[in-house]
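Take a look at the letters that make up each chain.
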Amino acid sequence: MNTVKIQTLHYERMAYVYVRQSTPWQVIENRESTERQYHLRERAVQLGWPASHVEVIDEDQGRSGSTAAHRTGFQRLVTEVGLGKVGIVLMLEASRLARNNSDWYRLIEICGLTSTLIGDEGAVYSPREPNDRLLLGVKGTLSEAELFTLRTRLYEGRWNKARKGNLQFPLPTGYVRSAAGDWELDPDTQVRERLACVFDSFRCHGVARSVVRDLKKQGLDLPTRITARDGYGSLIWKTPSLSAVVRILHNPAYAGAYVFGRWEYSGDHRSAKTGKAIARQLPMAKWPVRIELHHPAYLSWEEYVKNRELLRQNWSHDEATGVAREGSSLLQGIVYCGICGNKMGVQNRVLREKRSPSYICQASYHNGDTDKICQSMTSRPVDAAIAEAFLEAVSPLGVEVGFRVLEQLEHDIAAQRRQHELQLEQARYEARLAQRQYDAVDPDNRLVASELERRWNEKLERVHHLEKAFIQAEQESQWTITPEERQTIKKLSQDLPTVWRAQTTTNQERKRLLRMAIASVQLDGVSKTGEIDVQIRWRSGVLTNFTVKRTAPGDGSLKTPPEAVAKIHEMAGKYSHQEIADRLNDVGYRTAFGRQYTHQTVGYICRRDQLAADRKRNKKTERDILKPGYIC
Ligand SMILES: [Zn+2]
C-alpha cells in the first residue's frame, strides 16, 4: 500500500527526516529514541530514495515543542515543503512532528497542497487522501491531548507537594537538607555568620549597595553552594555583588518561609533570543504557596517584609523618597531645584580644598548637556534652617497651632463644600437650559442646531468637570484626628527636640524623623543675591516659605564650582576676563553665590591660580580687586 502512494514525482524530490527531542535532558537520556529517529534515514532508502537525496533536519534537538517560532529546523522544513522540494517527510511517530496542533495542521495542509507524503516507521500517509488526512489529524489531536495530560499530571503532582511544603528544590545557601528531608541551618558556622552579617548590615544601612561596600571593605566573601551536577553541594566563596546581596534580601526562605510559585513564567513574555519564557516575580499577596515557620529562620518575617519594602523604595529613585542615606546633608532625596523643578543631588565629595557638602542641580548635566549646572549651594545653612523649622513645627506649641489649623480647615472644608454644591447646582441648571434651547429649535435649521448642540455639550462638560472636582475635594478632606491620636502626637512633640539633639541620634535617623513631617523642599539660590529661597512642603500639604543667607564669604565653605574653575584655566590668556565671564554665563555657570560672573570674579581666580594676565588689561579692574579672603 505504501508503494502505491509513492510515485515518480515523489522520488524526484528529496526525502526529509525530522529528528527532535524536546529537552536537552531527553537528548542525553533518551539516546535510544534518537537512534531510532536517525534510523529513519535507512527507511527512506528502503522506500526507494537514493541516499544522496535524504536529508536529516536535527537543528531542533533540545528545543521544547510548544511553539514553532523558535524551532528553526521546523520552519526550514515547512519552507522546503511549501516550495514543493520534498517528496516525503519522515519522523518517528508522525504525531511527534509538531506538538502544537496549529503547527501540525499547517504542515498537513502544506503537504496536501504540494503532494508531499508523510511517513513514520510503520506507514506512509498522503495528506491528499481524505482517510489519511483524517488519521493524521486524529494523531495530532491525540498527541496534543497526551501532552496536556502529561503536563497536568506533572504540574498537579508538583503543586500538591508544594502546597504541603514537600516539593524539593535546590535550597538557598545557608540551608541543608536533613536525612529526613527537612530544612536545617547550614552546619558550617562561617556560612551562617556571613549571612547573618548581610542581614545585620542591611538593618544598619537600609541600602543594599552599602551592604556590598561594607562586606568588601572588610574583605568578606559570600558563600554559594554549587547546584550544578558537577560538585553538587560543595561550597565556594564569591566576591560580594549587588545582585547577590539583593537576591539574599529578597529570598523569603531566610525568614523561615517555604514559598513556591514566586515567579510566573507566562508564555507571552519570551526572550527574543532563546524563545524561553521570561520569569516575572509575582507580588507577595499573590504567592500561591507560602508556609511561614516552615524551617529555622535567619530573620523574622516582619523584618523580611520591611526589607523588601525598603529595597523597593530605594529602587525607584524618583517616585518614592527612598531611605534616608548617610552623608551629612539632611535633605538628600527630597530636595528640588526652584529654578527648573528637577531633583537636586548632593555632592559629598571632598576635593582638593575641603568642600562642605552641597546641593547641586545637575538636571541638564544628566540629560547629556555636560556643561550646565543650574545652581548649587552649600547645604549647611539650608539644613540648619530646615531643622529649626521642623522642630518648631513639631514643638508642643507648634502642634497646638497645628490642631487649631486643623479645626479651621475642617470648618473651611464645610464652607467649601457648600460653595461646590452651589456651583454644581448652577452648572446643572445651565445645562438643562441649553438642552431646552436645543430641543426647541427646528432641526432643519442646521446651523443654529449645531451651534446650540455645541453649547449644550459645553455645559454638560462643565457639569462633569465640577462633579469630578467635587468628589476629589471630598476625598482629600477625609482627615480628622481622634482624641487618642491627639494625645500621642502631643507626647511625641514633647520628646522630639531631645531626641533630635541627642548625641546618640545619627544623621540618618534625623533624616527619617524629618521625612515624617516634610514631603519635599524646594531651593532657589539664584533669584536673590546672597540668599536662598526655601520652600517646605509639609506632609499635611501646607507650604512654608523663608529665605536663608548664604554662608558668609571667607568662612571657607563657598568655592567657585570646580567645573567653572577648569573652564577659566582653559580660557585664560586666550580671552579677556570679560569675555571669559560672558562665556561662562552663556553656558549657565554661576558663582558660588549663584550670581553671574563678572570680569572681577574671573580676574580673582586668574590671580589666585597665577594664570596668564588679562589680555585687555584694565586699570580699573586692578583697583577693584576684592579684599583678600574674598571668594567669589
Ligand atoms: Zn535646576
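Residues numbered from 1 in each chain as written. Predicted model: local features only at pLDDT ≥ 70, side-chain atom pairs only at ≥ 80, totals over all residues. Heavy atoms only, no water.

A.B. asks: Mind showing me how you'd approach the overall build of the protein here?
C.D. replies: Summing up its helical and strand segments, the protein has 21 helices and 20 strands in all. In the protein, buried positions account for 41% of the 632 residues. Counting only contacts in the protein whose residues sit at least 6 apart along the sequence, the fraction spanning at least 24 positions is 62%. (Helix = DSSP H or I, 4+ residues; strand = E, 2+ residues; numbered from the N terminus. Buried < 20%, exposed > 50% of the residue type's maximum accessible area, 1.4 Å probe, protein only. Contact = heavy atoms within 4.5 Å.)

A.B. asks: So what exactly am I meant to see when it comes to the sheet that holds strand S20 (residues 543-549) here?
C.D. replies: Two orientations exist for strands paired in a sheet by backbone hydrogen bonds: parallel and antiparallel. With mixed pairing, the four strands of this open sheet are ordered in space as S14-S18-S19-S20. The sheet terminates laterally at strand S14 (335-337) and S20, the two strands that pair on one side only. Taken over all neighbouring pairs, the strand axes of this sheet differ in orientation by 25° on average, direction set aside. Summarising the sheet, S14 and strand S18 (residues 518-524) pair through three bridges and their orientation is parallel. Bridge pairing links Val335 to Val521 in S18. Across the sheet, helix H17 (residues 507-517) touches S18 and strand S19 (531-538), and the angle it forms with S18 is around 95°. (Pairing = 2+ DSSP bridges. Axes fitted to C-alpha atoms, helices over the stretch in contact; angles between N-to-C directions.)

A.B. asks: Looking at this structure, I do not really get the confidence of the model for the protein. What am I missing?
C.D. replies: Segments scoring low in pLDDT should not have their predicted coordinates read at a detailed level. The share of residues in the protein with pLDDT of 70 or more is 80%, and the mean pLDDT across the chain is 78. Throughout residues 366-370 the model reports pLDDT below 50, and contacts reaching past four residues in sequence, or to other chains, amount to two contacts. (pLDDT = per-residue confidence, 0-100.)

A.B. asks: What exactly am I supposed to notice about the pairing of S19 here?
C.D. replies: One face of the sheet, then the other: side chains in a regular strand alternate in exactly this way. Residues Ile532, Val534, Ile536 and Trp538 of S19 are buried on one face, while the alternating residues Glu531, Asp533, Gln535 and Arg537, pointing to the opposite face, are not. In this sheet, S19 lies alongside S18 in antiparallel orientation, the contact comprising six bridges. When the bridges of S19 are listed, Leu523 appears paired with Val534. Joining the antiparallel neighbours S19 and S20 is a turn of four residues, in which Gly541 adopts a positive phi near 100°.

A.B. asks: Sorry, what's going on with the packing of helix H8 (residues 189-205) against helix H9 (residues 208-217) here?
C.D. replies: Packed helices, taken two at a time, are described by their axes: the angle between them and the distance between them. Where H8 meets H9, the closest approach of the two axes is 9 Å, and the angle between their N-to-C directions is 125°. Here H8 lies oblique to H9, going by the angle between them. As H8 packs across H9, the resulting crossing turns out to be right-handed. Along its contact with H8, which presents Cys197, Val198, Ser201, Phe202 and His205, the element H9 presents Ala208, Ser210, Val211, Arg213, Asp214 and Leu215. Considering only residue class, the contact of H8 with H9 consists of six nonpolar, three polar and two charged. (Parallel < 35°, antiparallel > 145°, perpendicular 65-115°, else oblique. Left-handed = near helix turned anticlockwise from the far one by under 90°. Nonpolar A, V, L, I, M, F, W, Y, C, P; charged D, E, K, R; others polar.)

A.B. asks: Where do I start with the sheet that holds strand S4 (residues 117-119) in this structure?
C.D. replies: The strand order S2-S1-S3-S4-S5 describes an open sheet built from five strands, whose pairing is mixed. Two strands in the sheet have a free side with no partner beyond their single neighbour: strand S2 (54-57) and strand S5 (124-125). Relative to S2, strand S1 (residues 14-18) runs parallel, the two sharing four bridges. Note that in S2 the partner of Tyr18 across the bridge is Ile57. Sheet strands touched by helix H5 (residues 72-82): S1, S2 and strand S3 (86-90). Its angle to S1, the strand with the most contacts, is close to 160°.

A.B. asks: I'm lost on the side chain of Asp383 in this one. Help?
C.D. replies: Position of Asp383 relative to the elements: it lies in helix H13 (residues 379-394). Buried within the structure, Asp383 lacks any salt-bridge partner; its nearest side chain of opposite charge belongs to Lys511, at an N-O separation of 7.8 Å. Within polar-contact distance, the side chain of Asp383 engages the side chain of Tyr359 at 2.6 Å. (Lys, Arg positive; Asp, Glu negative; His and termini not counted. Salt bridge = Lys/Arg side-chain N within 4 Å of Asp/Glu carboxyl O. Polar contact = N/O pair within 3.5 Å; in protein donor to acceptor, adjacent residues only side chain to side chain.)

A.B. asks: I keep staring at a nonpolar patch on the surface and nothing clicks. Help me out?
C.D. replies: Taken together, the side chains of Leu134, Val138 and Leu142 define a hydrophobic patch exposed on the protein surface, amounting to about 300 Å² of accessible area. Mapped onto the elements, Val138 comes out in helix H7 (residues 130-163). (Patch = residues over 30% accessible without salt bridge, like charges linked within 9 Å, V, L, I, M, F, W, Y side chains within 5 Å. Areas by Shrake-Rupley, 256 points an atom, 1.4 Å probe, with all protein chains shown as cover.)

A.B. asks: It is not clear to me how the coordination of the zinc ion should be interpreted in this structure. Could you clarify?
C.D. replies: Metal coordination angles in their ideal form are 109.5 degrees for the four-donor tetrahedron and 90 or 180 degrees for the six-donor octahedron. At 2.2 to 2.6 Å from the zinc ion lie its protein donor atoms, namely Cys337 (SG), Cys340 (SG), Cys361 (SG) and Cys374 (SG). Classification of the site at the zinc ion rests on its four donor atoms, whose angles at the metal span 102 to 118°, yielding the label tetrahedral. As a motif over one chain, the donors of the zinc ion read C-x2-C-x20-C-x12-C. With Cys337 in strand S14 and Cys361 in the loop between strand S16 (358-360) and helix H12 (363-366), this pair connects stretches of sequence that are 24 residues apart. (Donors = N, O, S within 2.8 Å, 3.2 Å for Na, K, Ca; no water. Tetrahedral: all angles 85-135°; square planar, octahedral: opposite > 155°, others 65-115°.)

A.B. asks: Hey, could you run me through empty space enclosed by the protein in this one?
C.D. replies: For the structure on display, the rule yields four cavities of 30 Å³ or more. When its volume is computed, the second largest cavity comes out at roughly 70 Å³. For the second largest cavity, the full set of lining residues is Ile373, Gln375, Ser376, Pro561, Tyr589, Arg590 and Thr591. Grouping the amino acids of the lining of the second largest cavity by side-chain chemistry returns three nonpolar, three polar and one charged. (1 Å grid on protein atoms, 1.4 Å probe; cavity = no way out; pocket = protein on both sides within 12 Å on 5 of 7 lines; lining within 4 Å. Points joined across faces, edges and corners; volume = space filled by probe spheres on them.)

A.B. asks: Please clarify how the nonpolar core should be interpreted in this entry.
C.D. replies: One recurring pattern in soluble globular proteins is that nonpolar side chains are buried together. Counting 39 residues, the largest nonpolar core has Val198, Leu215, Val245, Leu249 and Tyr254 as its most contacted members. The element that contributes the greatest number of residues to this core is H8, accounting for six residues. Ignoring anything within four residues of it in the chain, the contact list for Leu249 reads Val198, Phe199, Phe202, Ala208, Tyr304, Asn307 and Leu311. Ranked by size, the runner-up nonpolar core spans 31 residues in total, among them Ile334, Tyr359, Leu513 and Val521. (Core = buried A, V, L, I, M, F, W, Y, C linked by side-chain atoms within 4.5 Å.)

A.B. asks: I keep staring at the pattern of salt bridges and nothing clicks. Help me out?
C.D. replies: In this structure the tally under the stated criterion is 16 salt bridges. Here Glu451 makes a salt bridge to Arg454, at a shortest N to O gap of 2.8 Å. Remark: Arg454 and Glu451 occur in helix H15 (residues 446-476); sequence separation between them is three residues, near one turn of the helix. On the basis of relative accessibility, which here comes to 29%, the residue Glu451 falls in the partly exposed class. Judged by relative accessible area, Arg454 falls into the partly exposed class, the value being 41%.

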